[in-house]
Amino acid sequence: MGSDKQPVGLLDTLNMEKVRTIFTHTYPYPHEHSRHAVIAVFIGCLFFISSDNMHTLIQKLDSNIKWWSMYACLLGFFYFFSSPFIGKTIKPSYSNFSRWYIGWILVAALYHLPSFQSMGVDMRMNLSLFLTIYISSILFLLVFHIVFIGLWYIGLVARVAGRRPAILTILQNCAVISVACCVFYSHCGNRAIMRQKTYDRKYSGWFTLWNKEERNSWFAKFVRMNEFKDQVCSSWFAPVGSAKDYPFLSKWVIYGELTCSGGSCGESADEISPIYSLWATFIGLYIANYVVERSTGWALTHPVSQKEFEKLKKKQMKPDFLDMVPWYSGTSADLFKTVFDLLVSVTVFVGRFDMRMMQAAMSKVEDAAKQDDLLYDQFSEQDELWFDFMADTGDGGNSSYSVARLLAQPSIRIRDSKITLPRAKLLFIGGDLAYPNPSAFTYERRLFRPFEYALQPPVWYKEEHIAVNKPELPRGVTTLKQYEGPQCFVIPGNHDWFDGLQTFMRYICHKSWLGGWFMPQKKSYFALQLPKGWWVFGLDLALHCDIDVYQFKFFSELIREKVGESDSVIIMTHEPNWLLDWYWDDVTGQNISHLIRDHLRGRCKLRMAGDLHHYMRHSYVPSEKPVYVQHLLVNGCGGAFLHPTHVFSNFNNLYGTSYESKASYPSFEDSSRIALGNILKFRKKNWQFDFIGGIIYFILVFSMFPQCKLDHILQDNTFSGHITSFLGTVWDAFIYMLGKSYVSSAGAFFLLVTAVTFVPSKVSRKRRLIIGILHVSAHLSAALILMLLLELGVETCIRHNLLATSGYHTLYEWYRSTESEHFPDPTGLRARIEQWTFGLYPACIKYLMSAFDVPEVMAVSRNNICKNGMDSLSRGGAAIYYASVFLYFWVFSTPIVSLVFGSYLYICINWLHIHFDEAFSSLRIANYKSFTRFHINPKGDLEVYTLAVDKVPKEWKLDPSWEGESKLPQNQSHFRKFPSKWRSVSSQQDPVNTVRIVDHFVIEQTVKPEFVASVNGSVAH
């Protein structure tokens, strides 16, 4: 960290507010000139290649079937590896790294294959020239930036110039410049004297159509593009002139290659190289653009007024929502922290320390009926009440905001049924407030941010404020009964308990506002007395899946002293233990069961929970048996990834009472169909899984490299013989791994233990072992096949003298042998640079070319090992060999490991009904979101509506209605007609316009005061 004092320059003294400007960027990536340059270079490549080689490429397709097949396989693997990143914005991330990584090793492999050379394109010159220009450009721009920062430090340029340049931007611009120069050289050359030439077409029998006199056909016009290309080279990109015209630069330029004219050549080439001219032009444009941007900031556009600036600024604003949590990321620090927190919570808190015990100890009043920090009755005297329930929010910003936007609307009009539902005065959230772990960052960005966008907190609210004396009511309001705005009560879920409930206590129990919802809650559990004899018990299950003794004592005393015999109770928990106990064949929540069966005795009309991220409702089947709970409702669609419903379709019993499924969202059929995405989309959704999958596959086959004896596969004459020999070699490699490969055998054993442990415990040990063995066998077979395919490709290239021809520095040695011929240096500039840099300049190019040519390094090392054994390589040489193998094997293996693992999840979830959590968290589905709205009507009946949005918008814009509505500081946001800040870019996809009712039923008020064997409550659907 440096000093806060900044050097003051001349431009810093100007009043820039009067000349304020704004640079508008269409994309998030700030350096758009790089993107435009990439596009321009790409279009130029297509133009030149099509004009020169398209007809030759098609003509020679039939004579290069073997090599074209290798091209197809190579490009296929590279496409599947890079497919998750296609269409994404270039930015500093793994996605951007993958682009450059793919470009590097793909080109390094392609230029060794013979088809390009057979078409007249010598990629060796292009690659060596690219690397040389690339290194030169980087060194030149680094020196420029150092000088520029020095000028800033002494105050000769504006303060904004002091921002450090992005290294990635420098590298990207140097790559674009180098590619542009190489494309020019490949098709225009480095000729000092440009002469127009006639285009001599050489057609084969394949293209006799072009020999006809139909000169106006589009075929002929396409061929004449070559003539146009020559004109472009000779006219538009002609050399800038002779070095004699620039005496000062005569010793600092590269000269053009002499072109003979009429059979005679001049004595020397005095013309400046067009390649050098092009490079200098690009470098000059970059420097000029950078200097103008950093020094002035307003010279490239026109000044605008303060009013116009604010208007443009608002148009550019977009919500900064986080993406869905990548549960299969091998590089996410949050996920590793989640695992650590979970281990600590289970080890330390479960059975040893419980925050609920501390909350009970801090309650001063023993009488449950008088505990104001646990019992709330501000709604009990109202004639009717609307309240909402949602759970499992705080995952993706788009999905969480979609639900919060619906909750905040003054009313929701259902278009199909023409029903209008007013906003609820009370919101219950059923836990799991932020994923993957509870922290200040996840709570603020994944929970509070979407709710604050949906319904803004009051103007006096401060994020850092700690509420120590709740409820902290607004001015002019003395009691909770007088407050007319929406209120919110929250229970914690298992994810909220990963840190021992610390974050939940700080952000829920010691804050007063969740967006525009007022939070009077003081503890992690509570009881609310609602109108018409209705109650809501919010229970905290912690990580025990049950309430503790102190909660049981509070609620049992409350039932005895306050809950009437004809009252109705809604019990809200985080986990739906009725479904999970059935699924896992377990018994949990014994204290809850005791409270419901022996204390409420039929007064529990509804149990609702989250945790499972779908909607399901089961209602009791009338019978003579006692009914302790009429309806069981699960709705965890508040923002988290989707869970399947078809796995739980056979649930039908609780407390000895039969139940039947009345509603599910998504439907059982849709749920099963969605699971198919694991095969097709696993890697697209979980590309960060590459880090784990690629390393695992490489460990499995590490000891099998290299395969030196592949003659029997390559020499077989029939296709079936090739396949038989190939599979036999795979089996031999597997036997070798078991008998002699310690590293791969240990990796396979560890993978087997992990796979068996990964199978859910509900499956018997025998079936778990079988499933694990089949799973590992699929991965091991795929890894061995990929290993052998890679070895066959390298062996084929070696046999055709395309690899391992002259050592590790083949490309550099070839370039030095042709450099003086194509790039004359009569003044000895290269020798002077080598002398001034103490030999570093040619050494850097030499080793950069060797590092770039990964296939050559791999093939040369492989030959040495096959001839002289592994002991012939030093430790460094062996490390280089395995690193070069890994670079290609990682690309081949990552799509396959995702395909195998995704297929495993699909088979397990649809055929075996296991891995319901793992198989759907991988899909990261933000769609299918819902919440439940309740209405206690004047008759005392409870009307239940579940509202859902099938598709969540991904693009949002500032709502002009929200922006245009007057906002008085003294008025809170719930008084506004348009309370939410953002709306969908497409009005047809906005949740307000697409919301629909997926379930509706009514629970009638209890009319009999005594507990009977069968409760006479009716259900209307």
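Here is a short report on the structure shown in this document. (Residues numbered from 1 in each chain as written. Predicted model: local features only at pLDDT ≥ 70, side-chain atom pairs only at ≥ 80, totals over all residues. Heavy atoms only, no water.)

Re helix H24 (residues 742-758)
- When the terminal C-alpha atoms of H24 are compared, their 24 Å separation across 17 residues agrees well with the 24 Å that a helix rising 1.5 Å per residue should span.
- Of the residues making up H24, those classed as buried are Ser744, Gly747, Ala748, Leu751, Ala755 and Val756. Looking down the long axis of H24, one finds its buried residues gathered within 165 degrees of arc, a one-sided arrangement. The exposed set on the far side of H24, more than 90 degrees from its buried face, consists of Tyr742, Phe749, Phe750 and Thr757.
- Lining the buried residues of H24 we find helix H21 (690-701), helix H23 (719-740) and helix H25 (765-799). (Helix = DSSP H or I, 4+ residues; strand = E, 2+ residues; numbered from the N terminus. Expected span 1.5 Å × (residues − 1). Buried < 20%, exposed > 50% of the residue type's maximum accessible area, 1.4 Å probe, protein only. Arc of directions from axis to C-beta. Contact = heavy atoms within 4.5 Å.)

As for a positive patch on the surface
- Among the surface-exposed residues, Lys681, Lys684, Lys951 and Lys954 lie close enough to one another that they form a single positively charged patch.
- Looking at the element boundaries, Lys951 is found in the loop between strand S18 (942-949) and strand S19 (956-958). (Patch = residues over 30% accessible without salt bridge, like charges linked within 9 Å, V, L, I, M, F, W, Y side chains within 5 Å. Areas by Shrake-Rupley, 256 points an atom, 1.4 Å probe, with all protein chains shown as cover. Salt bridge = Lys/Arg side-chain N within 4 Å of Asp/Glu carboxyl O. Lys, Arg positive; Asp, Glu negative; His and termini not counted. Charge placed at Lys NZ, Arg CZ, Asp CG, Glu CD.)

Considering a nonpolar patch on the surface
- The grouping of Phe691, Ile692, Ile695, Ile696, Ile699 and Val743 at the surface amounts to a nonpolar patch, some 430 Å² of accessible area in total.
- Looking at the nonpolar patch, the element that brings in the most residues is H21, giving five residues.
- On the secondary structure map, Ile699 appears in helix H21.
- With relative accessibility at 34%, the residue Ile699 sits in the partly exposed group.

Concerning the packing of H23 against H25
- In contact at an axis separation of 10 Å, H23 and H25 are set at 115 degrees when each is read in the N-to-C sense. Crossing geometry of H23 relative to H25 is assigned as right-handed. Along its contact with H23, which presents Phe726, Thr729, Val730, Ala733, Phe734 and Met737, the element H25 presents Leu780, Leu784, Ile785, Met787, Leu788, Leu789 and Leu792.
- Class assignment for the residues of the contact of H23 with H25 results in 12 nonpolar, one polar and no charged. (Axes fitted to C-alpha atoms, helices over the stretch in contact; angles between N-to-C directions. Left-handed = near helix turned anticlockwise from the far one by under 90°. Nonpolar A, V, L, I, M, F, W, Y, C, P; charged D, E, K, R; others polar.)

Remarks on the pairing of S18
- Taken across its eight residues, S18 has eight buried, putting it largely inside the fold.
- Burial along S18 is two-sided: the face carrying Leu942, Val944, Thr946 and Ala948 and the face carrying Glu943, Tyr945, Leu947 and Val949 are both buried.
- Here eight bridges tie strand S17 (residues 929-936) to S18, and the two strands are oriented antiparallel to one another. If you follow Ile936 over to S18, its bridge partner there is Leu942.
- Taking the residues that link successive antiparallel strands as the turn, the S17-S18 hairpin has five residues, and the phi of Gly940 there is positive, at about 95 degrees.
- Where S18 meets strand S21 (residues 996-1003), seven bridges bridge the pair, whose relative direction is antiparallel. Each residue of the ladder has a partner; that of Tyr945, found in S21, is His1000. (Pairing = 2+ DSSP bridges.)

What about unusual backbone geometry?
- Note that the residue after Lys470, namely Pro471, is joined by a cis bond; omega there is 0 degrees.
- For Pro471, the position within the fold is in the loop between helix H14 (440-454) and strand S6 (487-490).
- Cis geometry marks the peptide bond from Tyr665 to Pro666; its omega dihedral reads 0 degrees.
- Tracing the chain through its elements places Pro666 in the loop between strand S16 (657-665) and helix H19 (668-674).
- With phi around 50 degrees, Arg601 is a residue other than glycine that occupies positive phi space.
- Along the polypeptide, Arg601 turns up in the loop between helix H18 (590-600) and strand S12 (604-609).
- The exposure class assigned to Arg601 is partly exposed, which follows from its relative accessible area of 37%.
- A positive phi is found at Tyr655, a non-glycine position, where the angle reads about 55 degrees.
- Locating Tyr655 in the fold gives a position in the loop between strand S15 (653-654) and S16.
- Take Tyr655: its relative accessible area is 15%, and that puts it in the buried class.

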